[in-house]
Amino acid sequence: MKPGKYLGNWHWEHHNQDGTKTYYGVDSIVSKDYDGVLILTLVHAAWATRFTALAFAYRMSGNSLYLKRAVQILEAYAKVYTRIPFHNKAGGNDFMYETGVGRVSSQALDESVWLIKILQGASLIWNDLSAAQHANIENNFLFPAVDMIQHCFNLGIHNISNWYNAAVGMTGYLTSNPALVDWALHEKNRGLQYQLQKGFTADGHWYENAPAYHFYALKPMILLAESAKNNGDTSFLAGLKKALDAPLQLMMPDMNLPRINDSREVYLPAFKGYYEYGYSRFKNQDYLPVLINGRNFKGGLETVKKIGNDFDVFDFSLLYREPLPEKAPPFSFGSRHLDHTGLDILYQGEGKNAVWLLTKYDINHPSKGWHTHPDALNFVLYGSGTQISIDPGTAEYGAASHVGWDKTTVAHNSMVINQQNQAFKSSKSLSFGKTKGVSFSFAKTDSAYMGVSQTRCYILADSTTVLIADWITAPVSDTIDIAYHQRGNWKTKESSQPWQIPDIKGYQFLKEASITISDTSHLFTTSIAQKEIVTGINASQPVQLIEGMGIGPDFELVPCVITRCRGGKLFVLWSIRLDGSSVPIRFEILDQNSKPKIKVYCHGKVFLLDPAGKCVIE
């Protein structure tokens, strides 16, 4: 919703996005306390931003009027802060509620983010305040705030924990309180040291495998680690460098990151502030393409809102900006095996027209499930200058489609059994390599569904053709679906009849669905950016296609195709042709094993595929 007319006494009208409905907040019902949300976002957040701006203006100009007004804001909060009751998102005051409590907000996360803004401004004027002013602000505002945060539910390894740590630790550094600093840096199972050691994979990625959350977790880490550095402790910087290097491993040729798991759009140059900081500290030349493109980034306010970046007066770009060369050195794209993170990237070609394929095979982490999706062996494909095979990521948490679609297996390019979500279990890489110029990856899961095994092979056959091979064994009573989402507009579809969309999580969000007759061979085409993408499906037994429209990034409608058959032994070969070619691609089954070796004939090449993880070009 968006705010409407102010009605007085801290009440507003609230409108839905298209302005067709008006709502009014109910203070006593937490789920309808719309006015409380605006009080935080329009009042308290605004005061924090104004306070920080005033403190910055004073430090830059020396004008005591700015200092006077900034101090008034701090002292006003010292007067009222502890009179605001604790409350949580459930409407109670239980500190052990999973997102804790707040005073100006209804959760400790928002309280921490807000307090950090206050602390940044306070650090600029603290030495200009008297001992009596220090005592008043500390005892009636800052210390009660961080004491509340410290006693909220311990989330352990979590992006939210990093905001708690930063709020507590920065308060400790500002007020010369070593106990608060030690808690923020070293508290068992939650401090900054623990987050850096346990929250990132050995490849440097935040464990949730959601690029937007990687940066959301990283920002408070940088703030706290820089506070430590400014006080003589540089021990946390090495971990920050690895975390800044990691997103570059996932960068598509257009400098976007894939929207996997609960991630929204991440266009790396729009996140240039992180790399302004990183370049000033670590001088990594790989940051230069992001920085140079970022300084030319002209995204407007709506783009900034969509990507979730915060261009406030304390954006890292302001604090750490350094002179850069006019041109960036070429970035080293290439195929990458990130086995510690559970991602492989296959890459072929040059520039924005290169082919880039991300494969996702491992979601096994002690905290899995919070921001991860049940989509083992999912993949994302970029080619012909745009994303083609997509992951919806996450658009809005408040939308029904977040849980009903985004966090379901059928919303991804994955296997679905009996129209139910996969279990959050581990899958694994079998092999990754390159042979005769062809990049490939094999992965397997035996635990997504009980009694079901899937092996998937991904191949960049040439500059225009991607092959996906699936070996699946399942009980004969099971329904096997393989979902696939290909951006663009339908160009050609097979003849079909209307399909009754079931009222099942995920599936109920499909639109315009129809179903074909059973066959071992199918072909369909979508058109995107005036280019045709032709996808062929060849199977070892007859399969039907359910053709319809699903939900893509930011609620974009995306063509969806689901292959369907009964269980048993199944092999399916997908061929995605970026040049619009419909030249037949076929396969031979070479043995009678439950997962047989396969010979694939593709554009003059012959691939021998062994599901144990071998790809040979004959």
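As shown above, the structure is provided for reference.
Since we're looking at a predicted model, the values are computed, not measured.

Reading the values: rules and limits
- Residues numbered from 1 in each chain as written.
- Predicted model: local features only at pLDDT ≥ 70, side-chain atom pairs only at ≥ 80, totals over all residues.
- Heavy atoms only, no water.
- Helix = DSSP H or I, 4+ residues; strand = E, 2+ residues; numbered from the N terminus.
- Rg over C-alpha atoms; globule rule 2.2 N^0.38 Å.
- Buried < 20%, exposed > 50% of the residue type's maximum accessible area, 1.4 Å probe, protein only.
- Contact = heavy atoms within 4.5 Å.
- Areas by Shrake-Rupley, 256 points an atom, 1.4 Å probe, with all protein chains shown as cover.
- Lys, Arg positive; Asp, Glu negative; His and termini not counted.
- Charge placed at Lys NZ, Arg CZ, Asp CG, Glu CD.
- Polar contact = N/O pair within 3.5 Å; in protein donor to acceptor, adjacent residues only side chain to side chain.
- Pairing = 2+ DSSP bridges.
- Axes fitted to C-alpha atoms, helices over the stretch in contact; angles between N-to-C directions.
- Phe/Tyr/Trp six-rings, centres within 6.5 Å; stacked < 30°, edge-to-face > 60°.
- Lys NZ or Arg CZ within 6 Å of the ring centre and 35° of its normal.
- Core = buried A, V, L, I, M, F, W, Y, C linked by side-chain atoms within 4.5 Å.
- Salt bridge = Lys/Arg side-chain N within 4 Å of Asp/Glu carboxyl O.

A.B. asks: Mind showing me how you'd approach the overall build of the chain here?
C.D. replies: Helix and strand content of the chain: 14 helices and 25 strands. Over its C-alpha atoms the chain spans a radius of gyration of 27 Å, differing by no more than 12% from the 25 Å that the globule rule assigns to 618 residues. Its C-alpha atoms give the chain principal-axis dimensions of roughly 85 × 55 × 45 Å. Across the 618 residues that make up the chain, the buried fraction comes to 58%. In the chain, the share of contacts with a sequence separation of at least 24, taken over all contacts with a separation of at least 6, comes to 63%. When the accessible area of the chain is evaluated, it comes to approximately 25100 Å², of which 51% is carbon and sulfur surface. Charged side chains of the chain number 58 positive and 57 negative; the gap between the two group centres comes to 2 Å.

A.B. asks: Quick question: what am I supposed to make of the side chain of Thr 525 here?
C.D. replies: Looking at where Thr 525 falls in the secondary structure, it is placed in strand S19 (residues 519-528). Judged by its relative accessible area of 6%, Thr 525 is buried. A polar atom in the side chain of Thr 525 sits 2.9 Å from the side chain of Thr 492. Sequence-distant contacts of Thr 525, defined by excluding residues within four places in its chain, comprise Asn 489, Trp 490, Lys 491, Thr 492, Glu 532, Ile 533 and Val 534.

A.B. asks: Help me understand the pairing of strand S15 (residues 465-485) in this model?
C.D. replies: Regular strands show a simple pattern: their side chains alternate between the two faces of the sheet. Counting buried residues along S15, 18 of its 21 residues qualify, which places the element largely inside the surrounding structure. Note: strand S11 (residues 415-417) against S15, three bridges, orientation antiparallel. When the bridges of S15 are listed, Met 415 appears paired with Ile 482. Alignment of strand S14 (residues 453-462) against S15, held across nine bridges, turns out to be antiparallel. Opposite Gln 454, over in S15, you have Ile 472 as the bridge partner. Between S14 and S15, which pair antiparallel one after the other, the connecting turn spans two residues. As paired strands, S15 and strand S21 (residues 557-577) are joined by 17 bridges and run antiparallel to one another. By the bridge assignment for S21, Ile 480 is matched with Cys 565.

A.B. asks: Honestly, the sheet that holds strand S1 (residues 2-8) in this entry has me stumped. Any pointers?
C.D. replies: Within a sheet, neighbouring strands are paired by backbone hydrogen bonds and run either parallel or antiparallel to one another. Here three strands make up an open sheet; going across it, the order is S1-S2-S3 and the pairing antiparallel. Of all strands in the sheet, those bounded by a partner on one side alone are S1 and strand S3 (22-24). The mean angle between the axes of side-by-side strands here comes to 30 degrees, regardless of whether they run parallel or antiparallel. When strand S2 (residues 11-15) meets S3, the two strands line up antiparallel, connected through three bridges. Residue pairing for S3: His 15 is matched across the bridge by Thr 22.

A.B. asks: Honestly, the packing of aromatic side chains in this entry has me stumped. Any pointers?
C.D. replies: Two descriptors summarise a pair of aromatic rings, namely the distance from one centre to the other and the angle between the planes of the rings. For the coordinates displayed, the defined rule picks out 31 aromatic pairs. For the pair Tyr 81 and Phe 141, a centre-to-centre distance of 5.2 Å together with 50 degrees between the ring planes defines the contact as tilted. With Tyr 81 in the loop between helix H2 (64-80) and helix H3 (108-125) and Phe 141 in helix H4 (residues 131-150), this residue pair connects regions lying 60 residues apart in the sequence. The same class applies to Tyr 81 as to Phe 141, namely buried. The ring of Trp 47 is capped by Arg 50, whose NZ or CZ atom sits 5.4 Å from the centre of that ring. Its end group placed over the ring of Tyr 279, Lys 283 keeps NZ or CZ at 5.7 Å from the ring centre.

A.B. asks: Got a minute to help me understand the nonpolar core in this structure?
C.D. replies: Nonpolar side chains in soluble globular proteins generally cluster together in the buried interior. Ranked by size, the top nonpolar core spans 103 residues in total, and within it Leu 115, Ile 125, Phe 141, Leu 240 and Tyr 275 carry the most contacts. Apart from the residues lying within four places of it in its own chain, the contact partners of Leu 115 are Phe 141, Leu 142, Ala 145, Val 146, Ile 149, Ala 167 and Thr 171. In terms of nonpolar packing, the next biggest core, distinct from the first, is built from 52 residues, Trp 499, Tyr 507, Leu 510 and Ile 528 among them.

A.B. asks: Sorry, what's going on with the environment of Ile 472 here?
C.D. replies: Examined against the element boundaries, Ile 472 turns out to sit in strand S15. Apart from the residues within four sequence positions on either side, Ile 472 is in contact with Met 415, Val 452, Ser 453, Gln 454, Ile 480, Ile 482, Gly 568, Lys 569 and Leu 570.

A.B. asks: Mind showing me how you'd approach the pattern of salt bridges here?
C.D. replies: Oppositely charged side chains are able to pair whenever their charged atoms sit close together. In total, this model carries 14 salt bridges according to the counting rule given. Two residues, Arg 487 and Glu 556, come together in a salt bridge whose shortest N-O distance is 3.1 Å. Taken together, the residues Arg 487 in the loop between S15 and strand S16 (489-492) and Glu 556 in the loop between strand S20 (531-551) and S21 connect sequence positions 69 residues apart. Measuring nitrogen to oxygen at the nearest pair gives 3.4 Å for the salt bridge that ties Glu 618 to Lys 599. Highlighted residues: Glu 618 in the segment after strand S25 (614-617) and Lys 599 in strand S23 (residues 598-602), separated in sequence by 19 residues. What makes Glu 618 exposed here is its relative accessible area of 53%. Exposure remark for Lys 599: the relative accessible area of 18% places this residue in the buried category.

A.B. asks: What should I look at first to understand the sheet that holds strand S9 (residues 378-383) in this one?
C.D. replies: Pairing in this open sheet of five strands is antiparallel, and the strands run S6-S7-S8-S9-S10 from one edge to the other. Looking at which strands have only one partner, the edges of the open sheet turn out to be strand S6 (336-338) and strand S10 (386-389). Taken pair by pair, the neighbouring strands of this sheet meet at an average axis angle of 15 degrees, ignoring direction. For S6 and strand S7 (residues 343-348), the ladder comprises three bridges, and the chain directions are antiparallel. Across the sheet, the residue bridging to His 337 is Asp 344, located in S7.

A.B. asks: Could you clarify how one ought to interpret the side chain of Asp 610 in this entry?
C.D. replies: By the secondary structure assignment, Asp 610 is in strand S24 (residues 605-610). Those residues within four positions of Asp 610 in sequence are excluded, and the remaining contacts are Phe 442 and Lys 597.

A.B. asks: I'm lost on the environment of Ser 105 in this one. Help?
C.D. replies: Looking at where Ser 105 falls in the secondary structure, it is placed in the loop between H2 and H3. Sequence separation of Ser 105 and Phe 86 is 19 residues, and the distance between their C-alpha atoms is 8.8 Å. A distance of 2.7 Å separates a polar side-chain atom of Ser 105 from the backbone oxygen of Gln 107.

A.B. asks: Help me out: how do you make sense of unusual backbone geometry in this one?
C.D. replies: Among all residues except glycine, the phi angle is most often negative; among peptide bonds, the trans geometry is most common. The residue Ser 176 is not glycine, and still its phi comes out positive at about 55 degrees. In this structure, Ser 176 sits in the loop between helix H5 (159-175) and helix H6 (178-186). Of note in this structure, Lys 283 is not a glycine but carries a positive phi near 55 degrees. Turning to its location among the elements, Lys 283 is positioned in the loop between helix H10 (272-282) and helix H11 (288-295).

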